[in-house]
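Each chain, letter by letter, is given below.
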Amino acid sequence: MKNILTEIVAHKHTEVAARKQQRSVEELEQVSWFKRTPLSLAQFLRDPEKTGIIAEFKRRSPSKGVINGNVTVQDVTTAYTRYGASGLSVLTDEKYFGGSSDDLQQARALNNIPILRKDFVIDEYQIVEAKAIGADVILLIAECLSKQEVAQLAAFANNLGLEVLLEVHSGDQLDKVTDHIQMVGVNNRDLTTFKVDFNRSCELAPQIPAGKCKVAESGISNTDAIVTLKQAGFQGFLIGEHFMKQENPARAFEHFVTELANKSVQ
Ligand SMILES: O=C(O)c1ccccc1NCC(=O)[C@H](O)[C@H](O)COP(=O)(O)O
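Within every chain, residues take consecutive numbers counted from 1 along the sequence as written. Reporting of local features is limited, given that this is a predicted model, to residues whose pLDDT is at least 70; pairs of side-chain atoms are given and counted only at 80 or more, and all residues count toward the totals for whole chains, interfaces and linings.

(A) Layout of the overall build of the chain. Put simply, DSSP marks the helices as runs of H or I at least four residues long and the strands as runs of E at least two long, and each gets a number from the N terminus on. Within the chain, the secondary structure is distributed over eleven helices and ten strands. The globule rule is 2.2 Å times the number of residues to the power 0.38, and the radius of gyration it is compared with is taken over C-alpha atoms. Against the globule reference of 18 Å for 266 residues, the chain gives a C-alpha radius of gyration of 17 Å, in line with a compact fold. Relative to its 266 residues, the chain shows a buried fraction of 44%. C-beta atoms are first placed from the backbone for all residues, and any pair lying within 7 Å is then listed as a contact. Considering only intrachain contacts with a sequence separation of at least 6, the fraction spanning at least 24 residues in the chain is 68%. Exposure criterion: with C-beta atoms placed from backbone coordinates, a residue whose C-beta has 20 or more other C-beta atoms within 10 Å is buried, one with 12 or fewer is exposed, and one in between is partly exposed.

See the structure below:
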């Protein structure tokens, strides 16, 4: 692990240590959403009647800078839900992605579909936070965590009723998959170089352990890509920039879903 990912993870340790001082786990457990029963993203993705799209709310990113600073989480996420997203992904990292826990809480209050807390989870405390702000799923990035850390964090999340999406970028990272991982995401973006290789998902698909829901992530910008990915066995498609970079992400999403519905997919 190196470059921006090393920097983000180092900052995350500092940030989480500070938040632990401000709010204890016991306090987080008293928040009303902590008691809510989470929705299953894996179940939504496996439903053939749904689109399989996990639509992301992302204001900016290290690779692209500002993507869209003029839209609200309310307008965008409710449109994603209205036009058929199977799930939402909401960035909660502030420093590098311009997101916040508040964004996710607003999305939770307005949308009754599964929500992924998109962040860099390195500590159980963040998983308790995820539940308290209304998330259903957490992301674990294989590149940032040892096999033992993935196993511990995933088991902890499942014990709270949250599902886990494990993100990989290479075949060797698949040895970190455990029984507590419900979904495996192949990130087409190399998080150390930012290079996007759309073929990465299709190459790794056959190596993903049977029984895990397969999710393709990053660089998906047209409906033909979804058709190709479905044929390769993917049930989930995480898309952020393609919608967020438009002046009107809601309209872009609606257009995308309409076009997808008109394509015959095996
Ligand atoms: O996107 C980045 O620049 C980035 C940098 C460092 C760590 C993670 C990063 N992105 C997270 C993602 O992979 C995407 O938000 C997600 O897969 C959606 O991708 P896209 O549709 O290409 O916005």
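(B) Expanded view of the confidence of the model for the chain. What pLDDT reports is the predictor's confidence in each residue, on a scale of 0 through 100. Looking at the chain, the pLDDT average stands at 96 and 98% of residues meet or exceed 70. The ipTM, which scores confidence in the relative placement of chains, is 0.97 for this predicted complex, and the corresponding pTM is 0.97.

(C) Inspection of helix α7 (residues 147-159) at higher detail. Taking 1.5 Å as the rise per residue, α7 with 13 residues should run 18 Å; its terminal C-alpha atoms sit 18 Å apart, in good agreement. Listing the buried residues of α7 in full gives V150, L153, A154 and A157. For α7, the angular spread of the buried residues around the axis is 100°, confining them to a single face. Summarising the geometry of α7, the exposed residues directed more than 90 degrees from the buried face are Q148 and N159. Close packing links the buried residues of α7 with α6 (124-132), β6 (137-141) and β7 (163-168). Positive backbone phi, approximately 90°, marks G161, located one or two places after α7. One less than the residue count of a helix, multiplied by 1.5 Å, gives the span that helix is expected to have. It is the directions from the helix axis to the C-beta atoms that the arc portrays.

(D) Expanded view of the site of the ligand. Not every one of the 19 residues close to the ligand is listed here, only the nearest: S61, S63, S218, G240 and E241. Within the residue set of the shell around the ligand, elements represented by two or more residues are β10 (236-239) and α10 (241-244). Residue type decides the class: Asp, Glu, Lys and Arg count as charged, Ala, Val, Leu, Ile, Met, Phe, Trp, Tyr, Cys and Pro as nonpolar, and the leftover types, Gly among them, as polar. When grouped by side-chain class, the residues that make up the shell around the ligand number seven nonpolar, seven polar and five charged. By definition, a residue lies near a molecule or strand when the C-beta atom built from its backbone is within 6 Å of it.

(E) Region of the structure containing the pairing of strand β4 (residues 87-91). Of all five residues in β4, five are buried; the element is thus mostly enclosed. What you see with β4 is no split at all: G87, S89 and L91 on one side and L88 and V90 on the other are buried throughout. When strand β1 (residues 53-57) meets β4, the two strands line up parallel, connected through four bridges. Bridge pairing links F57 to V90 in β4. With respect to chirality, the unit in which β4 leads through helix α5 (residues 101-110) into the neighbouring parallel strand β5 (residues 115-118) is right-handed. Any two strands are treated as partners once DSSP identifies two or more bridges connecting them. Handedness of a crossover: with both strands directed away from the viewer, a clockwise path from the first strand across the helix to the second marks it as right-handed.

(F) Up close: helix α11 (residues 249-261). End to end, α11 covers 18 Å across 13 residues, agreeing with the expected 18 Å (1.5 Å per residue, within 8%). If you check which residues of α11 are buried, you get P249, F253, F256 and L260. Viewed end-on, α11 has its buried residues packed into an arc of 65°, placing them on one side of the element. Exposed and oriented more than 90 degrees from the buried face of α11 are T258 and A261.

(G) Focus on unusual backbone geometry. Of note in this structure, F194 is not a glycine but carries a positive phi near 70°. Positionally, F194 belongs in the loop between β8 (183-187) and α8 (199-204). Within the chain, S218 stands out as a residue other than glycine whose phi angle is a positive 80°. Turning to its location among the elements, S218 is positioned in the loop between β9 (213-217) and α9 (223-231).

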